[in-house]
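# Examining the three-dimensional arrangement
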Amino acid sequence: MIRYFGTVLLMLVILCGPASTGSDHIPTPQQEFKSLISKCYNSYYEKNTHHEADIPLALVLGISIHESAWGKSRFSKEGYNYFGLRTTAKDKKHYMTPKGAPNVKVAKFEDRCGSVHFFINLISTDERYSELFNFIKESGDYVDYEKALTFMNVYYEDPTWPKKVLNIIRGL
């Protein structure tokens, strides 16, 4: 009986890690950022229960990590924009301009989940991303992210962008 208990305890330590009071584990900024995006992702789908398919969390995380430098970019800090989303807004309170590009308007969001919700909705409903959305819908539980990113050519200007995002997704 003691041997069985010891084996079970060892398995729990291996699977869960050593016992912790909770105060000795400080999450890294990267863990905090992934947690934030994940919470926003989940809140979107809790509010929007009628949808044809879920945009994969890995895709949302990969793009937000790349576009916001793990939430460290000026746009993510000042405007909660984790995706580099642009806008045509006329009111300055709704956009920021990149340094050296005064004609570009990067959207500002009112709260931390705004750009996550907007991005998921954009990919799910905007005609420019219909091929991507249909590909995701048809993929089921397994999404070939390398192929999925080929359907996002209207999203990026840097030809190395898909490879950079793919590397992030693979590292999650």
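So, how was this worked out
- Residues numbered from 1 in each chain as written.
- Predicted model: local features only at pLDDT ≥ 70, side-chain atom pairs only at ≥ 80, totals over all residues.
- Heavy atoms only, no water.
- Helix = DSSP H or I, 4+ residues; strand = E, 2+ residues; numbered from the N terminus.
- Buried < 20%, exposed > 50% of the residue type's maximum accessible area, 1.4 Å probe, protein only.
- Contact = heavy atoms within 4.5 Å.
- Axes fitted to C-alpha atoms, helices over the stretch in contact; angles between N-to-C directions.
- Parallel < 35°, antiparallel > 145°, perpendicular 65-115°, else oblique.
- Left-handed = near helix turned anticlockwise from the far one by under 90°.
- Nonpolar A, V, L, I, M, F, W, Y, C, P; charged D, E, K, R; others polar.

A few words on the overall build of the protein chain. Each helix and strand counted, the protein chain has 8 helices and 2 strands in total. Counted from the first residue to the last, the protein chain has its helices and strands arranged as α-α-α-α-β-β-α-α-α-α. Going through the 172 residues of the protein chain one by one, you find that 37% of them count as buried. Taking the intrachain contacts of the protein chain between residues at least 6 apart in sequence as the baseline, contacts between residues at least 24 apart amount to 53%.

Viewed as axis vectors pointing N to C, helix 2 (residues 29-47) and helix 3 (residues 57-68) meet at an angle of 130°, and their least axial separation amounts to 10 Å. Taken together, the axis directions place helix 2 and helix 3 in an arrangement best described as oblique. Pair helix 2 / helix 3 crosses with right-handed handedness. Contacts from F33, K34, I37, S38 and Y41 of helix 2 reach helix 3 at L57, V60, L61, S64, I65 and S68. Looking at the contact of helix 2 with helix 3 residue by residue, the class counts come to 7 nonpolar, 3 polar and 1 charged.

A word on the side chain of S73. Following the sequence through the fold, S73 ends up in the loop between helix 3 and helix 4 (74-79). In contact with S73, other than residues within four places in its own chain, are E67 and S68.

Further remarks concern the packing of helix 2 against helix 5 (residues 114-125). Look at helix 2 against helix 5: their axes get within 9 Å of each other, and the N-to-C directions meet at 55°. As summarised for this structure, helix 2 and helix 5 are arranged oblique, according to the angle between their axes. Crossing hand, helix 2 versus helix 5: right-handed. Between helix 2 and helix 5, the residues in contact are I37, C40, Y41, S43, Y44, Y45 and K47 and V116, H117, I120 and N121, respectively. Split by residue class, the contact of helix 2 with helix 5 holds 7 nonpolar, 3 polar and 1 charged.

Remember, this is a structural readout, not a statement about activity or role.
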